[in-house]
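Each chain, written out:
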Amino acid sequence: MDTFCAQARIDHIAQFLSLPDVTNLNTNNEFVPPILMIQLQLPSDAPSMFRTVEDGPGWAIVMYFKITEWACEELKDLETASPAIQLFAKYCQYAEDDVAWRSRFKLITFCSNLEEMGVPSAISSYNAKPVLIRRTGSLFRGPTHMEIDVHVHKFSTLAKKSIHFLSSRCGLMYMQIGFLVEGRTDEELPETLFACVGVNRPDEEKAPFLFDEDAKST
């Protein structure tokens, strides 16, 4: 995992990074990549009540995941693979070009110490509740990776107000973040996390500016 600050959103952050060499890792599926990256883009400024701002200064949490050997074995035969593997493989195949599939990306964030931080119940009631990323996410591909960017800058004003309140206190938080694809039929259930990570006390104040100001969102 990396954290960094930027003067503007930097979409498809993988193009500025050196990723691990996974050329010898065969996923057994042409659409499923060896490396999955998820970038959460968080605005630094409080949201405006009078105008829509979809870019600007902020910081990002970038998470990297490498496919497991078990998943690669499952992908050898989708007919016998688990429903979760079949669903994830379909997402990887269709989400880049199909908005309906891309909108099935879901995240769950759980903070274990919100109560001791004194977070209002109006905000803490959403703790560990699944969130569908519909029109505020982008998907990018490279030779060995797929990257999903979540643009919090594009969230509704009310959602951004709550997230800004929380993100300004992230340096105190112990969080677990999970990712999954929404299942919509019996054959696609049960929904299963395809990646998860523990994020302990990420702090915008300590996140460096890693890129030139010339790097802008695409």
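Scroll up to find the structure this text is about.
Residues numbered from 1 in each chain as written. Predicted model: local features only at pLDDT ≥ 70, side-chain atom pairs only at ≥ 80, totals over all residues. Heavy atoms only, no water.

**A short note on the layout of surface pockets**
Taken as a whole, the largest pocket holds about 1,000 Å³ of empty space. Around the largest pocket sit 36 residues that line it, and Val131, Phe155, Ala159, Ile163 and Leu166 are the ones nearest its centre. Of all elements in the fold, only β2 (35-43), β4 (105-111), α5 (121-124), β5 (131-132), α6 (157-167) and β8 (174-181) reach the threshold of two or more residues within the lining of the largest pocket. The leading source of residues in the lining of the largest pocket is α6, at six residues. Of the residues assigned to the lining of the largest pocket, the class counts are 25 nonpolar, seven polar and four charged. (1 Å grid on protein atoms, 1.4 Å probe; cavity = no way out; pocket = protein on both sides within 12 Å on 5 of 7 lines; lining within 4 Å. Points joined across faces, edges and corners; volume = space filled by probe spheres on them. Helix = DSSP H or I, 4+ residues; strand = E, 2+ residues; numbered from the N terminus. Nonpolar A, V, L, I, M, F, W, Y, C, P; charged D, E, K, R; others polar.)

**Here's the deal with the pattern of salt bridges**
Applying the stated criterion to the full structure yields six salt bridges. Between glutamate 96 and arginine 141 there is a salt bridge, with its nearest N and O atoms 3.2 Å apart. A residue pair is termed long-range when its members are at least 10 positions apart, and glutamate 96 in the loop between α2 (83-94) and α3 (99-102) and arginine 141 in strand β6 (residues 137-141) qualify at 45 residues. A residue is classified by how much of its surface remains accessible, and glutamate 96, at 35% relative accessible area, is partly exposed. Between lysine 106 and glutamate 191 there is a salt bridge whose closest N-O contact spans 3.2 Å. (Salt bridge = Lys/Arg side-chain N within 4 Å of Asp/Glu carboxyl O. Buried < 20%, exposed > 50% of the residue type's maximum accessible area, 1.4 Å probe, protein only.)

**Considering the pairing of β4**
Pairing geometry for β4 and β8, over seven bridges, is antiparallel. Bridge pairing links cysteine 111 to methionine 175 in β8. Relative to β5, β4 runs antiparallel, the two being bridged by two bridges. The partner of leucine 107 across the bridge, within β5, is valine 131. (Pairing = 2+ DSSP bridges.)

These figures come from the coordinates and say nothing about function on their own.
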